[in-house]
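Now for the letters of each chain:
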Amino acid sequence: MARLELRNLHAEVAEGDEQILHGVDLEVESGEIHALMGPNGSGKSTTAKVIAGHPAYEVTEGEVLVHLDEDEFGDDFEIPEDKRTWNILDLEPNERAALGIFLAFQYPAEIEGVTMTNFLRTALNAKIEEREELFEEGEGEDDAEDEDEGFETSPMEGPADDGEIGVAEFQEILAEKMEELDMDEQFAQRYLNAGFSGGEKKQNEVLQAAILEPAVAVLDEIDSGLDIDRLQDVSNGINALRDEQGTGILQITHYQRILDYVEPDTVHIMLDGEVVKSGDASLAAELEDKGYDWVREEVYETA
């Protein structure tokens, strides 16, 4: 099992020096579902973006660690003991993804001209290639050359069958994942998010996670803007990520409603850039009933 660990994480806006996170401590293991809740402006989305490596934020203190088991990437890929813990703050976003971190966006981008199938296969092959490079011995001059050349995995260029996973093999993987998520196969032939409804975009984020099989998926308000039918579809997909492939879930949300369908093992409450209280699923129901004022009073009265 893999584990994502945030230790005393402080972060500010890269341009402006506005401190957002004030010492976040949090752990999520593979196969667990954690809900991160809090009022607007409490730092939830900033936490997600810092984990993924968004350039708009600068970490001023603390660590974001990924702990891996020796067989995290399968029996054919043994991870050396000295490479089973990484401080991903030292890594680029694509390298973090290669180690098993996934971020589902609150507002996914639309890309005309790139089909879902091509995008997903390119992403999967890029992750595999990046992971192999991370664990290669003798890194150095070759890395510098690669940086100068830039990425060679754009879905807009290159031979159609480039990459470790070829077209035919990927079609089988995609069909299997879409069946697990109960999605229409025609969905994959459309352009990436172009003309998608809000619910379809969120389903697509879950499909991406299913294809990439991350150790931990951070879902940033994936329930926002969903009607009840789409909420159930997306929730079923999240449960499948956990049940079918053992993905750990950090579910960022304002509301109890998605937690009626995706029951968390642990609920964390964030106020003013810190996780101030954690508990079981009943904590989310209490928040729905009473709001956040009682938490604020409890925390600051005992401080």
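What counts as what
Residues numbered from 1 in each chain as written. Predicted model: local features only at pLDDT ≥ 70, side-chain atom pairs only at ≥ 80, totals over all residues. Heavy atoms only, no water. Helix = DSSP H or I, 4+ residues; strand = E, 2+ residues; numbered from the N terminus. Rg over C-alpha atoms; globule rule 2.2 N^0.38 Å. Buried < 20%, exposed > 50% of the residue type's maximum accessible area, 1.4 Å probe, protein only. Contact = heavy atoms within 4.5 Å. Areas by Shrake-Rupley, 256 points an atom, 1.4 Å probe, with all protein chains shown as cover. 1 Å grid on protein atoms, 1.4 Å probe; cavity = no way out; pocket = protein on both sides within 12 Å on 5 of 7 lines; lining within 4 Å. Points joined across faces, edges and corners; volume = space filled by probe spheres on them. Nonpolar A, V, L, I, M, F, W, Y, C, P; charged D, E, K, R; others polar. Axes fitted to C-alpha atoms, helices over the stretch in contact; angles between N-to-C directions. Parallel < 35°, antiparallel > 145°, perpendicular 65-115°, else oblique. Pairing = 2+ DSSP bridges.

### Some thoughts on the overall build of the chain
Counting its regular elements, the chain contains 9 helices and 12 strands. Radius of gyration (C-alpha) of the chain: 19 Å, near the 19 Å computed for a compact globule of 303 residues. On the principal axes, the C-alpha backbone points of the chain span a range of 60 × 45 × 40 Å. Across the 303 residues that make up the chain, the buried fraction comes to 47%. Of the contacts made within the chain by residues no fewer than 6 positions apart, 74% connect residues no fewer than 24 positions apart. Total accessible area on the chain is roughly 15,000 Å²; 42% of this is exposed by carbon and sulfur atoms.

### Focus: the layout of surface pockets
Remark: the empty space left among the atoms is shown by a probe the size of a water molecule rolled over them. In this model, the second largest pocket occupies a volume close to 590 Å³. The element contributing the most residues to the lining of the second largest pocket is helix H3 (residues 116–134), with 5 residues. Looking at the lining of the second largest pocket residue by residue, the class counts come to 12 nonpolar, 6 polar and 9 charged.

### Some details on empty space enclosed by the protein
According to the stated counting rule, one finds 2 cavities of 30 Å³ or more in the structure shown. Taken together, Leu181, Met183, Gln203, Val206, Asp233, Val234 and Gly237 make up the full set of residues lining the largest cavity. Within the residue set of the lining of the largest cavity, elements represented by two or more residues are helix H6 (198–212) and helix H7 (228–245). Sorting elements by how many residues they give to the lining of the largest cavity places H7 first, with 3 residues. Its residues assigned to classes, the lining of the largest cavity shows 4 nonpolar, 2 polar and 1 charged. As a volume, the second largest cavity reaches approximately 30 Å³. Glu221, Asp223, Ser224, Thr253, His254 and Tyr255 together form the lining of the second largest cavity.

### Some details on the packing of H3 against helix H5 (residues 167–180)
A pair of packed helices is characterised by two quantities: the angle between their axes and the separation of those axes. Close contact between H3 and H5 brings their axes to 11 Å; oriented N to C, the two are set at 105 degrees. On the basis of their axis angle, the class for H3 and H5 is roughly perpendicular. Touching Thr117, Leu120, Arg121 and Leu124 of H3 are Val167, Phe170, Gln171, Ile173 and Leu174, all from H5.

### Topic: the sheet that holds strand S9 (residues 216–220)
Ordered in space as S6-S9-S10-S3-S11-S12, the 6 strands form an open sheet in which the pairing is mixed. Two strands in the sheet have a free side with no partner beyond their single neighbour: strand S6 (101–104) and strand S12 (274–279). Strand-to-strand, the axes of this sheet are offset by a mean angle of 20 degrees, without reference to chain direction. Pairing of S6 with S9 involves 4 bridges; the strand directions are parallel. By the bridge assignment for S9, Ile101 is matched with Val216.

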